[in-house]
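Residue-level structure breakdown
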Amino acid sequence: MDAFKILALILIIGGGLGLAYGGFSYTRETHSTDIGPVHLEMKEEQRVNIPLWAGLAAVIGGGLILVVPRKS
């Protein structure tokens, strides 16, 4: 399997996941402090939205890489 096929599969899978889930979230630690034996921390959940057009472009681009023949 050459690099173009691997890239195409990554684009198709990534675009499909972007279309299915619409984004992803992660937790970020914003503040932390220690007061004697007590440890306090604040965590904030962030959400990253993936636009519909980006997911579609990744799937279509990956499909085109697989289908369109390359010059040798």
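Report follows, based on the coordinates. Note that the coordinates shown come from a computational prediction; the quantities given were computed from them, not determined experimentally.

Here we come to the overall build of the protein chain. Counting secondary structure elements, the protein chain contains two helices and two strands. Ordered by position from the N terminus, the helices and strands of the protein chain form the series α-β-β-α. Here the C-alpha atoms of the protein chain give a radius of gyration of 20 Å, more than 25% beyond the 11 Å that 2.2 N^0.38 yields for 72 residues. Reported as C-alpha extents along the three principal axes, the dimensions of the protein chain are approximately 70 × 25 × 15 Å. Buried positions account for 10% of the 72 residues belonging to the protein chain. Look at the contacts in the protein chain between residues 6 or more apart in sequence, and 55% of them connect residues 24 or more apart. When the accessible surface of the protein chain is summed, it comes to about 5900 Å², and 66% of that surface belongs to carbon and sulfur atoms. For the protein chain, the centre of its 6 positive side-chain charges and the centre of its 6 negative side-chain charges are spaced 21 Å apart.

Okay, the packing of helix α1 (residues 3–21) against helix α2 (residues 52–67) next. At a closest axis distance of 7 Å, the pairing of α1 and α2 adopts a crossing angle of 155°. In terms of orientation, α1 lies roughly antiparallel with respect to α2. For α1 against α2, the interelement crossing comes out left-handed. On α2, the residues that touch Phe4, Lys5, Leu7, Ala8, Leu11, Ile12, Gly15, Gly16 and Leu19 of α1 are Leu52, Gly55, Leu56, Ala58, Val59, Gly61, Gly62, Gly63, Ile65 and Leu66. Among the residues making up the contact of α1 with α2, the classes are represented as 12 nonpolar, six polar and one charged.

Now for the pairing of strand β1 (residues 23–35). For a regular strand, side-chain orientation follows a simple rule: the groups alternate between the two sheet faces. Relative to strand β2 (residues 38–49), β1 is paired through 12 bridges, and the arrangement is antiparallel. The residue bridging Ser25 from the neighbouring strand is Arg47, located in β2. Hairpin connection of β1 to β2: two residues between the antiparallel strands, including Gly36 at a positive phi of 65°.

The rules we used
Residues numbered from 1 in each chain as written. Predicted model: local features only at pLDDT ≥ 70, side-chain atom pairs only at ≥ 80, totals over all residues. Heavy atoms only, no water. Helix = DSSP H or I, 4+ residues; strand = E, 2+ residues; numbered from the N terminus. Rg over C-alpha atoms; globule rule 2.2 N^0.38 Å. Buried < 20%, exposed > 50% of the residue type's maximum accessible area, 1.4 Å probe, protein only. Contact = heavy atoms within 4.5 Å. Areas by Shrake-Rupley, 256 points an atom, 1.4 Å probe, with all protein chains shown as cover. Lys, Arg positive; Asp, Glu negative; His and termini not counted. Charge placed at Lys NZ, Arg CZ, Asp CG, Glu CD. Axes fitted to C-alpha atoms, helices over the stretch in contact; angles between N-to-C directions. Parallel < 35°, antiparallel > 145°, perpendicular 65-115°, else oblique. Left-handed = near helix turned anticlockwise from the far one by under 90°. Nonpolar A, V, L, I, M, F, W, Y, C, P; charged D, E, K, R; others polar. Pairing = 2+ DSSP bridges.

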